[in-house]
Structure formats: structure tokens, C-alpha cells
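Examination of the molecular architecture
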Amino acid sequence: ALEKELRNILRNDLHVTVSGTHSHYCCDPLNERYIEFLLKTIIEAASSMEIKEMGDLTISYSTCPFEGVGKSRISHHVAESVQVDLFQIKKDGKSLADIVVHNVHPTVLYATTPYFSAEYPGYLLQCMNEAEPDVFHTFMNGPAGDISTRFTRKCQTYESVELLGRNLYEKVMEMKQEELPEVPLKLSFDSTIIPLEHQFHPIDMSKLPQNLTDRELETIGFGQIVRQQLKESPEQLEKENLFSCVNFGGPRIVFVPNEMFSWYRTQVDDRFCALVCYSNGQSPYITAPGKYLLTYETFTDTLTDETIQKLCAVLHHYGN
């Protein structure tokens with residue numbers, strides 16, 4: 001609906017990709033008044049944009065491991081990949097826009113936080129805007145299904161948000177100082193719809209790890225409830241997923257609607273490709289195949305092995 005409306009207002013060949021940071025501290029997506037307000041705001045903002053002829057632009061891409069904000073949120077589990085990706089769009093060597101991609105849940109604060117917060121991504125962008133007011137900065141969340149600040153934050157206050165946001169800011173600014181190859185910016189777009197098949201895999205509760213935190217035990221209990229609800233109402237399960245890819249002339253971003261585990265970063269070539277989740281949909285977790293981890297996410301992942309293979313094939317197609 002959003003893409004159709006913007007095509008009518010702007011131009012017929014428009015493609016729209018909506019990406020979210022998965023902050024737990026925004027409004028309820030089931031609140032119709034909020035959704036109406038959000039769509040109206042996006043349409044007004046997009047409609048008021050001014051198109052400028054900039055001539056020849058270049059883009060560079062870099063990535064590096066970084067656990068200064070978060071790591072695996074599952075006890076006794078090592079994350080497959082926690083990365084910072086940086087796309088820099090330039091004109092005559094001068095930065096015009098930066099895209100930061102990082103795969104850590106923005107969940108520093110308590111779930112009962114009595115205000116909306118952009119969390120550490122918001123603090124990162126605040127710092128970048130203050131340092132470079134003439135550059136456009138934006139943030140996108142990578143495959144953070146098993147990655148969070150749970151074992152990194154010292155407390156769940158806004159001071160921790162600032163601390164972790166500052167850690168990421170310093171890493172990004174360090175990356176911006178690197179001498180990187182630049183290629184001409186040439187935009188292209190493609191998308192693929194994948195049909196989803198589901199099955200309720202048996203879950204062996206005897207494999208419950210020892211020494212889990214109280215929070216992990218609590219969420220596993222929630223997961224059992226959610227799985228039973230899905231069994232009773234299978235019509236709630238997603239029927240298809242929209243994958244899309246924006247190619248900048250070499251460097252590219254693959255967009256996925258799910259909360260993928262960090263393992264899925266290994267399915268794209270991170271020398272030129274970043275994976276962004278929570279885009280064009282609000283879909284459940286996809287855990288890593290062949291790695292049995294008894295967590296909350298295990299109970300909400302109902303995709304068949306064949307479907308996972310299809311999803312990986314799409315990632316390989318766009319990201320390699």
C-alpha cells in the first residue's frame with residue numbers, strides 16, 4: 001500500500017524498502033492509529049523530498065567484526081558473526097551519506113521503560129550528525145536474532161544506551177578513516193517472493209542447558225506458550241517472504257523480513273554484501289540450520305528444512 005501510494009505521487013518505477021531497527025521501545029504495531037500516523041508521516045516526508053542532479057557519485061564498503069555493543073544472547077553459545085558494515089557515498093572524495101549496518105538487538109533498556117526510545121542506534125546517529133552535520137547518516141539492523149546487549153550492558157539505563165552507542169560511534173568513525181577503494185554508484189533493484197512451508201519440529205526439552213539465566217528460562221516458557229498458540233491457529237503462519245536486493249554498483253544490501261540468526265551472514269560474501277533484517281515485513285525468527293539451541297526462538301521457528309534451503313539459495317544468488 002505504501003509503495004503504491006508513493007508511486008502515484010512520485011514516479012511509476014519507484015521501489016520502496018522499509019527497514020526497522022527492532023527497538024522494543026516504540027509504539028504497538030497493532031495500534032491502527034499509530035500505523036495510520038506512521039504511513040502518513042512517511043508519505044509526507046517522501047513526497048517533500050527534492051531530487052537534485054549530483055553528477056557522478058562513488059560508493060565504498062567496509063566491514064569488520066565488533067562486539068563492543070553486543071554478542072550472543074544465549075548462554076554458552078558463541079555468535080557466528082557480529083559485524084559492523086559501512087557504506088559511504090561520496091562526491092569528489094567528500095562524504096554525502098553513510099549507511100551503518102550492525103546486527104545487535106537495540107534492547108538495552110528495561111521492557112517497562114515508560115517512554116519511546118531509539119536506543120543505541122539513535123544515540124549513534126546523534127553523535128554522527130553532530131560530528132558531520134552536512135552528511136546524511138542512517139542505521140539498519142542486521143541478522144540479530146541471537147545477538148543482543150544482554151551480556152554486554154552493565155545496567156539497563158539510558159547511561160548504558162549512551163555508552164554502547166558511543167562504542168559503536170567510535171568504531172564507525174575509525175572505519176571512516178580507512179583508505180578504501182571506491183566504485184561508481186550505479187543503482188539497481190531486484191526482489192523475489194519465496195513461498196514458505198511449515199512444520200512443527202519435535203522439541204526435546206531434555207536438552208535444556210544447565211546454568212541458564214532466569215530471563216532465558218522465562219522466555220523459554222513464553223516460547224512454549226507461543227508454539228501451542230501457533231499449533232492451534234496455523235493460519236497465523238506466514239505464507240511467503242519478500243526478499244529484495246539493492247545493488248549500488250558492486251556493494252549491495254540484501255533485505256529480509258525475518259529475525260534471522262547471525263549464522264545467515266555466512267551465506268553472503270561480506271567483502272561486498274550486507275544482510276539487513278526486519279525489512280518489508282514483521283516475520284518470526286529463523287534459527288541456524290543443523291544447530292540445536294533450546295531457546296525461545298526455537299519455539300517460533302516452524303520453517304521446513306526445504307524452505308530454509310530455498311531462503312539460503314536466494315541469499316547466495318543476491319549476496320555472492
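As a reminder, the structure under discussion sits directly above these lines.
One structure accompanies this document, and this report is about it. For clarity, every value in this text was computed on a predicted model and none was experimentally measured.

A few points about the sheet that holds strand β7 (residues 183–184)
Pairing in this open sheet of 5 strands is mixed, and the strands run β5-β4-β3-β1-β7 from one edge to the other. Because the sheet does not close on itself, it has two edges, and the strands there are β5 (136–141) and β7. Pairing of strand β1 (residues 58–65) with strand β3 (residues 83–91) involves 8 bridges; the strand directions are antiparallel. Paired with Ser 60 across the strands is Gln 88, a residue of β3. Contacts between helix α3 (residues 119–131) and the sheet are confined to β4 (94–102) and β5, with β5 contributing the most and set at about 160° to the helix. Sheet strands in contact with helix α4 (residues 158–176) are β1, β3, β4 and β5, and its direction is about 50° off that of β3.

Let's talk about the sheet that holds strand β10 (residues 252–255)
Taken together, the 4 strands give an open sheet; going across it, the order is β8-β9-β10-β12, and neighbouring strands pair in mixed fashion. The sheet terminates laterally at β8 (188–195) and β12 (273–276), the two strands that pair on one side only. Here the strands of the sheet are splayed against their neighbours by 15° on average, with no regard to which way each runs. Across 4 bridges, strand β9 (residues 240–247) lies against β10 in antiparallel orientation. In the strand pairing of β10, Ser 244 is matched with Phe 255. Strand contacts of helix α7 (residues 305–319): β8, β9, β10 and β12, with the helix running at about 170° to β8, the strand carrying the most contacts.

A short note on the nonpolar core
In terms of nonpolar packing, the biggest core is built from 50 residues, with Leu 168, Phe 243, Met 260, Tyr 264 and Leu 315 touching the most fellow members. For this core, the secondary-structure elements that each account for two or more residues are β3, α3, α4, β9, β12 and α7. Here the element with the most residues in this core is α4; it accounts for 7 residues. If we skip the residues at most four places from it in the chain, Tyr 264 touches Leu 275, Ile 286, Thr 287, Ala 288, Pro 289, Ile 308, Cys 312 and Leu 315. By size, the runner-up hydrophobic cluster in this structure holds 15 residues, among which are Leu 57, Ile 59, Tyr 61 and Met 140.

Focus on the side chain of Asn 141
Inspection of the secondary structure puts Asn 141 in strand β5. A polar contact of 2.9 Å, which involves the side chain of Asn 141, links it to the backbone oxygen of His 102. Those residues in contact with Asn 141 that sit more than four places away from it in its chain are Gly 20, Thr 21, Val 101, His 102, Asn 103, Val 104, Pro 106, Leu 275, Val 276, Cys 277 and Tyr 278.

Let's talk about the state of the cysteines
With the rule as written, the count across this model stands at 0 disulfides. Cysteine Cys 64 remains unbridged, with the sulfur of Cys 273 as its closest cysteine sulfur at 16 Å. The buried category is assigned to Cys 64, whose relative accessible area is 15%. Free of any disulfide, Cys 245 has its nearest neighbouring cysteine sulfur in Cys 273, separated by 6.2 Å.

Some thoughts on the pattern of salt bridges
Applying the stated criterion across every chain, the model contains 9 salt bridges. Its salt-bridge partner being Asp 85, residue Arg 265 comes within 2.8 Å of it at the nearest N-O pair. Residue Arg 265 is found in the loop between β11 (259–260) and β12, and its partner Asp 85 is found in strand β3; the two are separated by 180 residues along the sequence. Look at Asp 85 and you get buried, because its relative accessible area is 0%. Close ionic contact of Lys 90 with Glu 182 constitutes a salt bridge, the shortest N to O distance being 3.7 Å. Of this pair, Lys 90 sits in strand β3 while Glu 182 sits in the loop between α4 and β7; the two residues are 92 residues apart in sequence, bridging distant segments of the chain. For Lys 90, a relative accessible area of 14% puts it in the buried group. Here Glu 182 falls in the partly exposed class, since its relative accessible area comes to 36%. Each of Asp 98, Glu 132 and Lys 176 takes part in a single network of salt bridges with overlapping partners.

About the thresholds
- Per chain, residues are indexed from 1 in the order of the written sequence.
- Given that this is a predicted model, residues contribute local features only at a pLDDT of at least 70 and side-chain atom pairs are listed and counted only at 80 or more, while totals for whole chains, interfaces and linings are drawn from all residues.
- With hydrogens and water set aside, each side-chain value is computed from the structure's full complement of heavy atoms.
- A strand pair is defined by DSSP finding two or more bridges across the two strands.
- Where helices and strands are cited, they refer to DSSP runs of H or I of at least four residues and of E of at least two residues respectively, numbered from the N terminus.
- In this analysis, two residues are considered to be in contact whenever any of their non-hydrogen atoms come within 4.5 Å of each other.
- Fitted lines through C-alpha atoms give the axes, limited to the stretch in contact for helices. The angle between two N-to-C directions lies from 0 to 180 degrees.
- For our purposes a nonpolar core is just a set of buried Ala, Val, Leu, Ile, Met, Phe, Trp, Tyr and Cys residues, chained together by side-chain atoms within 4.5 Å.
- Residue burial is assigned from relative accessible area. The probe radius is 1.4 Å, only protein chains are included, and a residue is buried under 20% of its type maximum, exposed over 50%, and partly exposed in between.
- For this analysis, a polar contact is any N or O atom pair within 3.5 Å, provided that within protein one partner can donate a hydrogen and the other can accept it, and provided that sequence-adjacent residues contribute only side-chain to side-chain pairs.
- Any cysteine sulfur atom paired with another within 2.5 Å is treated as part of a disulfide.
- Counted as salt bridges are all cases of a side-chain nitrogen of Lys or Arg within 4 Å of a carboxyl oxygen of Asp or Glu.

Read these as geometric descriptors, not functional statements.
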